[in-house]
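Structure assessment
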Amino acid sequence: MAEMNMLQAINEALSSEMEADQKMMVFGEDVGHFGGVFRATSGLQEKFGRDRCFNTPLTEQGIAGFANGLASNGMTAVAEIQFADYIFPAIDQIVNESAKFRYRSGNEFDVGGLTFRTPYGGGIAGGHYHSQSPEAYFTQTPGLKVVIPRNPEQAKGLLIASIRDKNPVIFFEPKRLYRASVGEVRDGDFVIELGKAEVIRQGTDITLLGWGAQMEILENAADMAAKKGISCEVIDLRTLSPWDVDTVAASVKKTGRLLINHEAPLTGGFAGEIAATIQEECFLYLESPITRVCGLDTPYPLIHEKEYMPDALKTFEAIKASVKF
Amino acid sequence: MSNATTNAETVHRVSFLDKNSIAIPILKVLQADGTAYEGAVLPVIDEALAKKVHDTCVFTRVLDERMLGAQRQGRISFYMTCTGEEASIIGSTAALDDGDVILAQYREHAALRYRGFTTEQFMNQMFSNEKDLGKGRQMPIHYGSQALNYQTISSPLATQIPQATGVAYSLKMQKKRNIAICYFGEGAASEGDFHAGLNMAAVLSSPVIFFCRNNGYAISTPTEEQFAGNGIASRGPGYGMHTIRVDGNDMLAVLAATQQARAYALDNNAPVLIEAMTYRLGAHSSSDDPSGYRSKDEEAKWQQHDPVKRFKLWMINKGWLNEKQDADLYVKYREEVLAELKVAEKIPLPHLDDLIQDVYDKPTPILEKQLAELKTHIKKYPEAYPKSAGRI
Ligand SMILES: Cc1ncc(C[n+]2csc(CCOP(=O)(O)OP(=O)(O)O)c2C)c(N)n1
């Protein structure tokens with residue numbers, strides 16, 4: 001066990017996987033010698049050479065297409081998109097190609113060895129072009145897995161699992177936690193199974209569900225609720241696609257209530273999908289309507305970032321309203 | 001069959017075009033000492049134009065120095081300088097008509113200044129206050145002004161390139177004697193939008209100048225890792241486009257090339273590509289530290305090619321400027337920038353109601369509802385939302 005921040009944990013995961021898998025390459029804008037604008041790939045070019053860790057020209061479309069090509073021909077490709085806000089030029093390659101390589105070829109070809117890593121989310125005074133949470137654009141695409149860690153330990157285990165997974169994975173990294181989240185991380189390589197949610201706090205009155213950087217907020221809200229005598233069960237979904245319906249449904253059957261929190265706008269966000277499914281699975285157990293605490297239906301604002309955020313206070317209010325319903 | 005194939009010479013053994021076969025000369029007018037090269041053809045420039053260009057150079061230098069300082073003091077959150085690239089930006093804008101539409105990348109605030117953006121307007125944008133034309137929505141340096149025909153900057157790179165093609169086409173359809181100019185870096189020229197934009201401009205006959213600032217780096221990535229082949233200019237002929245490469249640190253070369261490019265674009269309803277060879281003397285942005293990827297020696301070498309100094313020497317040689325006037329201008333702008341900065345940082349931030357404006361032409365019912373709920377919440381916890389709680 002060693003204490004480290006999320007960037008160091010990601011760097012360790014990449015390094016140990018490159019060590020173990022000679023076919024693995026890491027690439028993207030500025031990821032080579034410089035180690036990426038956030039320094040997640042620091043030292044990899046020195047360790048593994050320029051053929052395996054390199055800068056690409058500035059084209060997300062090109063990066064994604066190139067990654068598809070590598071992975072379709074047997075390589076392990078880990079591509080960085082510098083900010084999740086800039087993944088959109090690559091959307092055709094990801095949504096139409098990465099996601100459908102296996103399906104459209106009748107499994108003649110696949111890009112299972114492909115992982116996109118990309119920093120997402122706000123809270124860094126970045127305005128609407130450095131703060132978006134675009135996960136729902138990808139959860140609606142069959143063929144992609146979508147994974148989001150909440151702390152350094154999770155980042156390492158989930159990233160290694162994503163790289164080894166036989167499907168294309170989009171791994172969203174909560175950038176506001178890159179340096180802020182520090183914790184113990186297991187040594188050596190280990191995986192955290194994809195597609196499994198984690199119950200991080202047991203409770204009896206309401207289930208709070210989220211992912212990534214919002215987990216910290218849910219835990220704060222649960223603490224506030226505890227002072228009012230409300231017992232919250234807190235679940236980190238970890239993998240959004242495919243998501244762990246069973247764990248969430250089991251929890252909601254126990255607590256009778258569900259609150260989902262995400263930073264992306266409410267309308268069309270992934271919380272809507274979860275709410276509909278859980279309503280089907282748990283209709284007779286629900287004691288109040290499923291609640292969503294999400295970003296507003298505006299672009300991510302610069303000045304009113306704090307007001308926009310689905311923060312702990314808003315979550316706390318929603319918890320009370322749900323319990324009182 | 002296209003002209004290219006009907007008129008082509010034929011050969012009967014394999015013969016590749018050499019990858020280095022495109023040789024591109026570089027236009028230079030001014031020498032380091034501020035005198036013109038022998039035989040150099042000067043742009044159209046009189047004393048008034050030269051003074052406006054020089055004035056914009058000095059203002060830009062001062063703004064960049066002061067605002068980078070303000071960022072380091074934590075007064076603004078982010079900044080980007082154009083230090084070293086003033087000739088590329090100002091020399092090209094100075095060749096335009098005020099009705100020509102500018103679509104910039106983000107490092108071209110000098111062009112906006114040349115058009116008349118006031119110091120106060122710059123400050124209001126950087127402090128995201130309620131007087132900012134962009135209503136405080138974007139990070140510092142994302143300026144824009146309808147009145148000055150300068151479209152608002154967008155962070156996603158290269159998106160402005162095909163847009164410029166469309167703007168230019170609309171100018172043509174509106175029968176305006178105007179063009180569009182589109183600025184971008186050599187890094188942005190790797191994006192798909194660059195290729196789409198140039199191809200469409202050539203095929204659809206859009207009067208647009210594509211102006212590439214080739215400043216050597218895209219954040220940490222040097223040009224050798226950005227493109228193989230002969231820079232960005234070599235792509236122009238490939239798309240069927242008039243093309244020129246200029247010394248981007250030479251104000252007169254940039255001005256001359258852009259004046260002629262503009263005339264050509266207007267007279268022929270055709271795009272032109274200009275590649276200005278320059279150097280990003282500063283960091284990429286206030287979040288970047290270039291010592292991680294390039295040497296002090298390299299930077300020092302480029303300091304010798306300071307475009308502002310070279311142009312100043314030319315003006316002094318012409319008798320249009322003296323050292324004292326130049327020094328006084330720096331003093332004047334330092335005072336002005338500092339004074340406006342102090343005013344702007346005290347102007348209130350945009351009101352909470354603004355949060356749901358301009359998402360659509362008018363707020364939708366769901367946005368109205370979300371704002372109302374938000375206000376109720378903030379009223380309950382005013383201390384948690386200090387920026388807006390006092391003014392709901
Ligand atoms: C689509 C997109 N991808 C990545 C980025 C992040 N980014 C911002 S500036 C930059 C480098 C741009 O280099 P260049 O175009 O050469 O212009 P310069 O900064 O040198 O003036 C990058 C990669 C972005 N803004 N947009």
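See above for the structure.
Residues numbered from 1 in each chain as written. Chains lettered and ligands numbered in written order. Predicted model: local features only at pLDDT ≥ 70, side-chain atom pairs only at ≥ 80, totals over all residues. Heavy atoms only, no water.

**What about the overall build of chain A?**
Looking only at helices and strands, chain A features 12 helices and 14 strands. Radius of gyration (C-alpha) of chain A: 19 Å, near the 20 Å computed for a compact globule of 325 residues. A principal-axis box enclosing the C-alpha atoms of chain A has dimensions of 60 × 45 × 40 Å. Looking at chain A residue by residue over its 325 residues, the buried ones come to 64%. Sequence-distant contacts, at least 24 apart, represent 80% of the contacts inside chain A between residues at least 6 apart. Of note, chain A has its 31 positive side-chain charges centred 3 Å away from the centre of its 43 negative side-chain charges. (Helix = DSSP H or I, 4+ residues; strand = E, 2+ residues; numbered from the N terminus. Rg over C-alpha atoms; globule rule 2.2 N^0.38 Å. Buried < 20%, exposed > 50% of the residue type's maximum accessible area, 1.4 Å probe, protein only. Contact = heavy atoms within 4.5 Å. Lys, Arg positive; Asp, Glu negative; His and termini not counted. Charge placed at Lys NZ, Arg CZ, Asp CG, Glu CD.)

**What about the overall build of chain B?**
For chain B, the helix and strand inventory stands at 14 helices and 9 strands. In terms of overall dimensions, chain B is globule-like: its C-alpha atoms have a radius of gyration of 23 Å, near the 21 Å expected for 392 residues. Its C-alpha atoms give chain B principal-axis dimensions of roughly 85 × 55 × 45 Å. For chain B, the residues scored as buried account for 53% of the 392 residues in total. The long-range share in chain B, meaning contacts at least 24 apart out of those at least 6 apart in sequence, stands at 73%. With the model as given, the accessible surface of chain B reaches about 17,600 Å², and the carbon-plus-sulfur share is 53%. For chain B, the distance from the average position of its 43 positive side-chain charges to the average position of its 47 negative side-chain charges is 3 Å. (Areas by Shrake-Rupley, 256 points an atom, 1.4 Å probe, with all protein chains shown as cover.)

**Focus: the site of the ligand**
Neighbouring the ligand are 22 residues; Glu60 of chain A together with Tyr106, Arg107, Asn215 and Tyr217 of chain B lie closest to it. Flanking the ligand are residues from chains A and B. Within the side chain of Tyr86 of chain A, an N or O atom sits 3.5 Å from a nitrogen atom of the ligand. For the shell around the ligand, the per-class residue count stands at 9 nonpolar, 7 polar and 6 charged. (Near = heavy atom within 4 Å. Polar contact = N/O pair within 3.5 Å; in protein donor to acceptor, adjacent residues only side chain to side chain. Nonpolar A, V, L, I, M, F, W, Y, C, P; charged D, E, K, R; others polar.)

**Notes on the sheet that holds strand β5 (residues 208-214) of chain B**
Residues and elements named next belong to chain B. If you walk across this open sheet you meet the 7 strands as β1-β8-β9-β5-β4-β2-β3, and the pairing is parallel. Strands with a single pairing partner mark the edges of an open sheet, and in this sheet they are β1 (26-27) and β3 (150-151). Contacts from helix α6 (residues 160-173) reach β2 (101-103), β3, β4 (180-185) and β5, with the element oriented near 170° to β4. (Pairing = 2+ DSSP bridges. Axes fitted to C-alpha atoms, helices over the stretch in contact; angles between N-to-C directions.)

**Re helix α12 (residues 323-344) of chain B**
All names here are of chain B. Between the first and last C-alpha of α12 there are 32 Å, a value that for 22 residues agrees with the 32 Å anticipated at 1.5 Å per step. The secondary structure elements touched by the buried residues of α12 are α2 (47-72), α4 (109-115), α5 (119-126) and α11 (307-318). Measuring from the backbone nitrogen of Lys324 back to the side-chain oxygen at the start of α12 gives 3.1 Å, which picks out Asn322 as the cap. (Expected span 1.5 Å × (residues − 1).)

**Some details on the pattern of salt bridges**
Here the structure, examined in full by the defined rule, presents 49 salt bridges over all chains. The shortest N-O distance in the salt bridge between Arg201 of chain A and Glu219 of chain A comes to 3.8 Å. Residue Arg201 of chain A is located in strand β9 (residues 198-201), and its partner Glu219 of chain A is located in helix α8 (residues 214-227); the two are separated by 18 residues in the primary sequence. Since its relative accessible area comes to 25%, Arg201 of chain A is described here as partly exposed. Judged by relative accessible area, Glu219 of chain A falls into the partly exposed class, the value being 28%. Here Asp288 of chain B makes a salt bridge to Arg280 of chain B, at a shortest N to O gap of 3.7 Å. Neither residue differs from the other here; Asp288 of chain B and Arg280 of chain B are each classed as buried. One continuous salt-bridge network, built from bridges that share partners, spans Arg150, Glu198, Asp236 and Arg238 of chain A. (Salt bridge = Lys/Arg side-chain N within 4 Å of Asp/Glu carboxyl O.)

**Comments concerning the interface of chain A and chain B**
On the side of chain B, 43 residues touch chain A, which itself brings 39 residues to the contact. When the two sides are added together, the surface that chain A and chain B hide from each other amounts to roughly 3,400 Å², 61% of it contributed by carbon and sulfur. Contact with chain B buries area across many residues of chain A, yet Leu58, Ile303 and Glu307 of chain A alone supply 20% of it, more than any other trio. Measuring nitrogen to oxygen at the nearest pair gives 3.6 Å for the salt bridge that ties Glu225 of chain B to Arg50 of chain A. (Buried area = accessible area lost by both parts, 1.4 Å probe.)

**Details of a nonpolar patch on the surface**
All names here are of chain B. A contiguous nonpolar surface patch, about 480 Å² in accessible area, is contributed by Tyr169, Met173, Met200, Val203 and Leu204. Secondary structure elements with two or more residues in the nonpolar patch: α6 and α7 (192-204). Considering each element in turn, the nonpolar patch owes the most residues, 3 residues, to α7. (Patch = residues over 30% accessible without salt bridge, like charges linked within 9 Å, V, L, I, M, F, W, Y side chains within 5 Å.)

**Structural notes on the environment of Ala77 of chain A**
Here Ala77 of chain A is to be found in strand β4 (residues 76-80). Every residue in contact with Ala77 of chain A, bar those within four places of it in the chain, is listed here: Met25, Phe27, Ala67, Leu70, Gly113, Leu114 and Thr115 of chain A.

**Quick notes on the environment of Asn167 of chain A**
Residues and elements named next belong to chain A. Within the secondary structure layout, Asn167 lies in the loop between α7 (152-164) and β7 (169-174). As for Asn167 and Phe270, which are separated by 103 residues in sequence, their C-alpha atoms are 21 Å apart. Those residues in contact with Asn167 that lie beyond four places of it in its chain are Arg102, Val111, Gly112, Leu114 and Lys145.

**Considerations on the sheet that holds β9 of chain A**
Residues and elements named next belong to chain A. Taken together, 5 strands build an open sheet; the order of strands is β9-β11-β10-β13-β14 and the sheet is mixed. The sheet terminates laterally at β9 and β14 (291-295), the two strands that pair on one side only. Neighbour-to-neighbour, the strand axes of the sheet open up by a mean angle of 25°, direction not taken into account. The pairing of β9 with strand β11 (residues 232-236) spans 3 bridges and is antiparallel. Opposite Glu198, over in β11, you have Asp236 as the bridge partner. Of the strands in this sheet, β10 (206-210), β11, β13 (258-265) and β14 touch helix α12 (residues 312-324), which is tilted by about 165° from β14.

**Some details on the layout of surface pockets**
Its boundaries defined by the atoms lining it, the second largest pocket holds a volume of some 640 Å³. Lining the second largest pocket are 22 residues, with Arg292, Val293 and Lys314 of chain A together with Glu373 and Leu374 of chain B sitting closest to its centre. Of all elements in the fold, only β14 and α12 of chain A together with α13 (365-380) of chain B reach the threshold of two or more residues within the lining of the second largest pocket. Here the lining of the second largest pocket gets 8 residues from one element, more than from any other, and that element is α13 of chain B. (1 Å grid on protein atoms, 1.4 Å probe; cavity = no way out; pocket = protein on both sides within 12 Å on 5 of 7 lines; lining within 4 Å. Points joined across faces, edges and corners; volume = space filled by probe spheres on them.)

**Focus on the side chain of Ser155 of chain B**
Its location among the elements puts Ser155 of chain B in the loop between β3 and α6. Setting aside residues no more than four positions away along its own chain, Ser155 of chain B makes contact with Tyr86, Tyr129 and His130 of chain A together with Gln138 and His142 of chain B.

**Quick look at α5 of chain B**
Residue and element names in this part refer to chain B. Among the 8 residues in α5, 6 count as buried, and that is most of the element. Those residues of α5 lying buried are Thr119, Phe122, Met123, Asn124, Gln125 and Met126. At its buried positions, α5 is contacted by α2, α4 and α12. Ser128 lies just past α5 and shows a positive phi near 50°.

**Digging into the state of the cysteines**
Under the criterion given, the structure shown has 0 disulfides over all chains. Of all cysteine sulfurs, the one in Cys232 of chain A lies closest to Cys294 of chain A, which takes part in no disulfide; the gap is 17 Å. (Disulfide = S-S within 2.5 Å.)

**Topic: the packing of aromatic side chains**
This model, assessed by the stated rule, comprises 25 aromatic pairs over all chains. Measuring from centroid to centroid gives 5.4 Å for Phe38 of chain A and Phe83 of chain A, while their planes differ by 70°, and the two rings are edge-to-face. In this pair, Phe38 of chain A sits in the loop between β2 (24-28) and α2 (44-48) while Phe83 of chain A sits in the loop between β4 and α4 (91-97), placing the two residues 45 residues apart along the sequence. A residue is classified by how much of its surface remains accessible, and Phe83 of chain A, at 11% relative accessible area, is buried. Measuring from centroid to centroid gives 4.9 Å for Phe117 of chain B and Phe122 of chain B, while their planes differ by 90°, and the two rings are edge-to-face. Considered together, Phe117 of chain B and Phe122 of chain B belong to a single accessibility category, that of buried residues. Following the ring pairs from residue to residue traces out a cluster consisting of Phe34 of chain A together with Tyr217, Tyr279, Tyr293 and Trp302 of chain B. The residue whose ring lies beneath Arg113 of chain B is Phe59 of chain B, and the NZ or CZ to ring-centre distance is 3.5 Å. Residue placement shows Lys318 of chain B over the ring face of Trp320 of chain B; its charged tip is 4.9 Å from the ring centre. (Phe/Tyr/Trp six-rings, centres within 6.5 Å; stacked < 30°, edge-to-face > 60°. Lys NZ or Arg CZ within 6 Å of the ring centre and 35° of its normal.)

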